[in-house]
Amino acid sequence: MLSVLRRRGSHLLTAAGIVALALACFYLIHASATVAAILLLFGVLLAGAYTNRAQAIAASIVATLCLDYFFVPPIGRITIAASQGWIILSVFLGVSLVATDLSTRLRRQRNELAERQLENEKLHALSRAILLSAGGEDLRRLLVNKCIELFGLTEAALFETASGEFYPSQIGGSIPIDQLRTTALDRTVLRSPVPGGADQNGSAHDDLTVIPVTLGNKSFGSFGFRGPALRDVAMQSLGNTIAIGLAQAQAQEAGYRAEAVRKGEELKSIMIDALAHELKTPLTAIDVAADMLGSSKSISSDQRDDLLKVIQEESLRLRRLMSEAIHLARIDGKRFRLERETVSVNELIDAVIDSTGNRLSGHTIKLELAPDVPRLSVDRELMVQALKQLIDNAVKYSPTHSAITIAATEINGSVAVSVRDQGQGLTELEQRRVFEKFYRGQRDRSAEQGTGMGLAIAKEIAEAHGGSISVESEFGKGARFTITVPPASVSERVESQLA
């Protein structure tokens, strides 16, 4: 009803404008019939340029009647006394209608060009967003959100054939995934009215449209949306653009997988080489000590004790190397589960010092434990392993008889346990890479034995507990490694929410 009243009002406004122009020609400028015809024709052209076809035709008819009433004898009456008047009015009406048609066509072409330019700008913006994106699932979400932003959609959803994943713009949306799958298979545009019909204005802006997402002969999925209707050419271009985005994302993911496989093989090779190199020394020492014990009969009791001590120490070293390798393999394969229990920081530190054994005999241990440190809910074995890696690292790179400081405190609601040594410290480059698997500083390769797995294991264990690990160092003045984990109250609350 409202739209009908608006159309009638616009018709009346156009007719009133033509009548006003005729009155101005007759009463104000006292124009002749020729001048009046030219001015009224100009008004008809304006109506054709800025109104629809029906209004422009109505303006032509009103202009012809005004010309007859005011300027063709007999004046003041809508009658034609001579044949010349018929000719004048017929020619005027014909010219008005032709001019109206031309104006309407030009206006339609102008509007189509403007609409096409706007669509091209939107597609260009979408393509630019795709090129600047990082790929992966974020790109799928970006495609949906960007289409809503650029094309004024009320709802959108993307279906990807390769993964079978569905990416809606909102949870519990009204776009059915079955129709998306059907369109992806059939590659045909689907249009269906929204349940309940059109809106109050009679528009179908909320109708569902599902378009295939194809590039060449390959189907990447489908894209469904509710919102303003798009031209067929625009929908095809939109489908092709989204297909380019999905192709880019899939290509990037394939590249990432290939790179991950390559790095995995490289890490395996490095790990095997490192273990082979590290195992060679203790095995050689054990083999020599065993040969001496078995072949020599003149060994004193002190020498026998020394050889047995060598065998024991190297056996412990072998066990430690194998334990590191097993822990790293479990972490890489995500095959470990946290067996949490509530423990105090003092208990953990005592367990770490006991497990380190004689390796700390050449150093002074300083404990700086705050009295009010909260208890932790952690996997005792894994956390002891992580802290042990920090202490082993401090022992390895600190001068003999130097102090190793173990501190624990509460910082911003988390528990921080740190180990500080008096070694040479780390350069900025080493600090950025020290937690990478198998990484060892260039100056450390020949000085100390190791596989470079310890700090990587500590990092993975800390992150598995919802915490982090960091390093602070100034080259030449030692380093401090800190593991930060949430207290027991926070860990238990998170666990209960996940359960």
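Everything below is about the structure shown above.
Let us look at the structure shown here. (Residues numbered from 1 in each chain as written. Predicted model: local features only at pLDDT ≥ 70, side-chain atom pairs only at ≥ 80, totals over all residues. Heavy atoms only, no water.)

Here we take up empty space enclosed by the protein. Summed over all chains, the structure comprises 1 cavity of 30 Å³ or more. Along the walls of the largest cavity sit I349, V352, L387, I391, I406, V417 and V419, which together make up its complete lining. Of all the elements in the fold, those that place two or more residues in the lining of the largest cavity are helix 9 (345-356), helix 10 (380-397) and strand 10 (414-420). Within the lining of the largest cavity, the residues separate by chemical class into 7 nonpolar, no polar and no charged. (1 Å grid on protein atoms, 1.4 Å probe; cavity = no way out; pocket = protein on both sides within 12 Å on 5 of 7 lines; lining within 4 Å. Points joined across faces, edges and corners; volume = space filled by probe spheres on them. Helix = DSSP H or I, 4+ residues; strand = E, 2+ residues; numbered from the N terminus. Nonpolar A, V, L, I, M, F, W, Y, C, P; charged D, E, K, R; others polar.)

Right, let's get into the environment of R375. Tracing the chain through its elements places R375 in the loop between strand 7 (364-369) and strand 8 (376-379). According to the relative accessible area criterion, R375 is partly exposed, its value standing at 41%. Taking the C-alpha atoms as reference points, R375 and V415, separated by 40 residues in sequence, lie 8.6 Å from one another. In contact with R375, other than residues within four places in its own chain, are T342, V343, S344, E347, P487 and A488. Here T342 takes part through its backbone oxygen, which lies 3.3 Å from a polar atom of the side chain of R375. (Buried < 20%, exposed > 50% of the residue type's maximum accessible area, 1.4 Å probe, protein only. Contact = heavy atoms within 4.5 Å. Polar contact = N/O pair within 3.5 Å; in protein donor to acceptor, adjacent residues only side chain to side chain.)

Moving on: the sheet that holds strand 11 (residues 468-473). Here 5 strands make up an open sheet; going across it, the order is 7-9-10-12-11 and the pairing mixed. Across the chains shown, the open sheet's two edge strands, defined by having one partner strand only, are strand 7 and strand 11. This sheet shows a mean twist of 15° between the axes of neighbouring strands, independent of strand direction. As paired strands, strand 10 and strand 12 (residues 479-485) are joined by 6 bridges and run antiparallel to one another. Bridge pairing links S418 to T482 in strand 12. On the sheet, helix 9 packs against strand 7, strand 9 (403-411) and strand 10 and is oriented at approximately 170° with respect to strand 7. Along the sheet, helix 10 makes contact with strand 9, strand 10, strand 11 and strand 12, crossing strand 12 at roughly 175°. (Pairing = 2+ DSSP bridges. Axes fitted to C-alpha atoms, helices over the stretch in contact; angles between N-to-C directions.)

Let us now look at the side chain of S344. Tracing the chain through its elements places S344 in the loop between strand 6 (340-343) and helix 9. For S344, a relative accessible area of 16% corresponds to the buried category. Within the structure, the side chain of S344 is placed 3.2 Å from the side chain of E347, a separation counted as a polar contact.

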